[in-house]
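Summary of structural features
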Amino acid sequence: MFDLGPACREVAGLLGGISDDQLTGPTPCPDYAVREVLGHLVGLTGAFRDAARKELGPTTDTAPNTALPVLDTDWREVLPRQLDELAAAWRSPAAWEGFTRIGGVDLPGAVAGIVALNEVQLHGWDLARSTGQAYDPDETSLRASYAMLAPMADPDDPGPAQEGLFGPPVRTPQDAPLLDQVVGLSGRRPDWSPGE
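From a predicted model like this one, the values you see are computed outputs, not experimental measurements. (Residues numbered from 1 in each chain as written. Predicted model: local features only at pLDDT ≥ 70, side-chain atom pairs only at ≥ 80, totals over all residues. Heavy atoms only, no water.)

1. Brief notes about unusual backbone geometry
Worth spelling out the cut-off: Labels follow the DSSP assignment, with helices taken as runs of H or I lasting at least four residues and strands as runs of E lasting at least two, numbered in each case from the N terminus. Burial classification: accessible surface area is computed with a 1.4 Å probe over protein chains only, and a residue below 20% of its type maximum counts as buried, one above 50% as exposed, and the rest as partly exposed.
Unusually for a residue other than glycine, Lys-54 sits at a positive phi of about 60°. Structurally, the position occupied by Lys-54 is in the loop between α2 (34-53) and α3 (58-61). Overall, Lys-54 belongs to the partly exposed group, its relative accessible area being 30%.

So, in structure tokens, the structure goes:
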């Protein structure tokens, strides 16, 4: 059990720096513009909040890839609130116990909590890189993401069995910052920029 609050606050701090004209800009997620990453964050923060509360239903039963995320006009109010609610929901010991459901898949609460953290943290990086903002997640959250991603991907073996959770891992130097290592393990290039 750990606190999702620092990761959620880091992402919430990016939202005020996103202008309307940046919403159509590219992101490290090839199929998503900034608006789709934001729409995905709105959906996943609600779904993982409900998974923590064990309030299973439409938000926890829908697979994330069913359609391109739609960003509602009230996202600037909704997303910060849901990030707070997500962090608060996972502060309950009951969230980490037993089983829950997310994306239509039943899994242990402890696993869902780590996946929630990783999703928020990586999509926060996506937004920061896409909109030219600084991103400085806390070390505890980064270590949790690294521990989740590292066993799933071997950057030295790009074969089909080693595609990582989000795509083939990107090799990073052993002395690279922990954030770059996590980003690389997730299948993203740490040096990605919007001009590519």
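2. A closer look at the packing of aromatic side chains
Aromatic rings considered in pairs are described by the distance between their centres and by the relative angle of their planes. Stated precisely, the cut-off is as follows: By convention, a stacked pair of Phe, Tyr or Trp rings (six-membered ring in the case of Trp) has centres within 6.5 Å and planes under 30 degrees apart, an edge-to-face pair has planes over 60 apart, and any other such pair is tilted.
With the rule as written, the count across this model stands at two aromatic pairs. Considering the side-chain rings of Trp-90 and Trp-96, the 5.1 Å spacing of their centres and the 70° angle between planes classify their relative orientation as edge-to-face. Aromatic rings pair up to connect Phe-2, Trp-90 and Trp-96 into one cluster.

3. Quick notes on helix α5 (residues 109-131)
Under the convention used in this document: Given a helix with a known number of residues, its expected span is that number minus one, times 1.5 Å.
The terminal C-alpha atoms of α5, which comprises 23 residues, lie 33 Å apart, in line with the 33 Å expected from a rise of 1.5 Å per residue. Most of α5 sits inside the fold, with 18 of its 23 residues counted as buried. Of the residues one or two after α5, Gly-132 is the one with positive phi, at around 70°.

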